[in-house]
Amino acid sequence: SAVISQKPSRDICQRGTSLTIQCQVDSQVTMMFWYRQQPGQSLTLIATANQGSEATYESGFVIDKFPISRPNLTFSTLTVSNMSPEDSSIYLCSVRELAGGQGHNEQFFGPGTRLTVL
Amino acid sequence: AQKVTQAQTEISVVEKEDVTLDCVYETRDTTYYLFWYKQPPSGELVFLIRRNSFDEQNEISGRYSWNFQKSTSSFNFTITASQVVDSAVYFCALSAGNTPLVFGKGTRLSVIA
């Protein structure tokens, strides 16, 4: 299984600032995603990070607020821009490995970045 | 569109009791995958199981078992002889084809000693 690391693991930020979260995978993976988990809530998909092209955002999420980069098959960044207290959440990087002709899908998650916005 | 419903928000049991966590899903795709994840208080997501839509065999792994029934679109999870370490939030999730996982709202399980 893929091993995923995220930096930073947690941060406390001031309103109006931006934070960039890094996701590093120990192997090349086909698909990378970014999820948000607000306090006491489930996981919500922010976007699919596409290598070499613009990310694909889910309804309610926009590139200006959550710019994403994916320069290669093992690395991605998510920036939370112009933060407000409502952005306080855990942000999780996730990867999908496609294996075998039968389309077996494994999806793994990083340890998360716990963000608090004051 | 895919949807996952976990109707039980919170469950509390006494240690050694059996407990079943319900998961009902919706999808129009014939090929899909169902997952269960555990999120302990430490916050990381722990993968428990993946089941594809063509495999309706139930699965047992130690104290854990899963009951997949396509007829009722359900993929329920049972913990036998629960332990305090089972206390966590459990998420059921669905992926059709190569689409990203869609999660249910989760069920918070508390096992009391």
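Up top is the structure these notes are about.
Now for a description of the structure that goes with this document. (Residues numbered from 1 in each chain as written. Chains lettered and ligands numbered in written order. Predicted model: local features only at pLDDT ≥ 70, side-chain atom pairs only at ≥ 80, totals over all residues. Heavy atoms only, no water.)

**Re the overall build of chain B**
Then, number 1: Regarding its fold elements, chain B presents zero helices and twelve strands.
Then, number 2: Along the chain direction, N to C, the helices and strands of chain B fall in the order β-β-β-β-β-β-β-β-β-β-β-β.
Then, number 3: Taken over the C-alpha trace, chain B has a radius of gyration of 14 Å; the compact-globule value for 113 residues is 13 Å, and the two agree within 12%.
Then, number 4: In terms of its C-alpha atoms, chain B occupies a principal-axis envelope of roughly 45 × 25 × 20 Å.
Then, number 5: When the 113 residues of chain B are sorted by exposure, 45% land in the buried category.
Then, number 6: Contacts spanning at least 24 positions in sequence make up 55% of the contacts within chain B whose residues lie at least 6 apart.
Then, number 7: By element, 48% of the accessible surface of chain B is carried by carbon and sulfur atoms, the whole surface being about 5500 Å².
Then, number 8: Each charge class in chain B was averaged separately, 10 positive and 12 negative side chains, and the resulting centres sit 4 Å apart. (Helix = DSSP H or I, 4+ residues; strand = E, 2+ residues; numbered from the N terminus. Rg over C-alpha atoms; globule rule 2.2 N^0.38 Å. Buried < 20%, exposed > 50% of the residue type's maximum accessible area, 1.4 Å probe, protein only. Contact = heavy atoms within 4.5 Å. Areas by Shrake-Rupley, 256 points an atom, 1.4 Å probe, with all protein chains shown as cover. Lys, Arg positive; Asp, Glu negative; His and termini not counted. Charge placed at Lys NZ, Arg CZ, Asp CG, Glu CD.)

**Let's talk about the layout of surface pockets**
Then, number 1: Roughly 520 Å³ of volume is contained in the largest pocket.
Then, number 2: Lining the largest pocket are 29 residues, with Q37, G40 and Q41 of chain A together with V89 and R108 of chain B positioned closest to its centre.
Then, number 3: Of all the elements in the fold, those that place two or more residues in the lining of the largest pocket are β9 (89-99) and β11 (113-117) of chain A together with β10 (88-96) and β12 (107-112) of chain B.
Then, number 4: Ranked by residue count, the leading element in the lining of the largest pocket is β12 of chain B, at four residues.
Then, number 5: Among the residues making up the lining of the largest pocket, the classes are represented as nine nonpolar, 16 polar and four charged. (1 Å grid on protein atoms, 1.4 Å probe; cavity = no way out; pocket = protein on both sides within 12 Å on 5 of 7 lines; lining within 4 Å. Points joined across faces, edges and corners; volume = space filled by probe spheres on them. Nonpolar A, V, L, I, M, F, W, Y, C, P; charged D, E, K, R; others polar.)

**Considerations on the packing of aromatic side chains**
All names here are of chain B.
Then, number 1: If you walk through the whole model with that rule in mind, you get 20 aromatic pairs over all chains.
Then, number 2: Measuring from ring centre to ring centre gives 5.9 Å for Y37 and F47, while their planes differ by 70 degrees; the resulting arrangement is edge-to-face. Of this pair, Y37 sits in strand β5 (residues 32-39) while F47 sits in strand β6 (residues 46-52), and the two are ten residues apart along the sequence.
Then, number 3: By relative accessible area, which is 30% here, F47 ends up partly exposed.
Then, number 4: Note on Y64 and W66: the rings are 6.0 Å apart at their centroids and 85 degrees apart in plane angle, and the pair reads as edge-to-face. (Phe/Tyr/Trp six-rings, centres within 6.5 Å; stacked < 30°, edge-to-face > 60°.)

**Let's talk about the pattern of salt bridges**
Residues and elements named next belong to chain B.
Then, number 1: As enumerated under the stated definition, the model contains four salt bridges over all chains in all.
Then, number 2: Residues R51 and D55 are paired through a salt bridge, measuring 2.9 Å at the closest nitrogen-oxygen approach.
Then, number 3: On the basis of relative accessibility, which here comes to 7%, the residue R51 falls in the buried class.
Then, number 4: The class of D55 is partly exposed, set by a relative accessible area of 24%. (Salt bridge = Lys/Arg side-chain N within 4 Å of Asp/Glu carboxyl O.)

**Describing the side chain of S82 of chain B**
All names here are of chain B.
Then, number 1: If you trace the backbone, S82 turns up in the loop between β9 (74-79) and β10.
Then, number 2: For S82, a relative accessible area of 1% translates into the label buried.
Then, number 3: In terms of polar contacts, S82 uses its side chain to reach the backbone carbonyl oxygen of E17, at 2.8 Å.
Then, number 4: Setting aside residues no more than four positions away along its own chain, S82 makes contact with V13, V14, E15, K16, E17, R63 and V111. (Polar contact = N/O pair within 3.5 Å; in protein donor to acceptor, adjacent residues only side chain to side chain.)

Everything listed here is a matter of geometry and, on its own, says nothing about what the molecule does.
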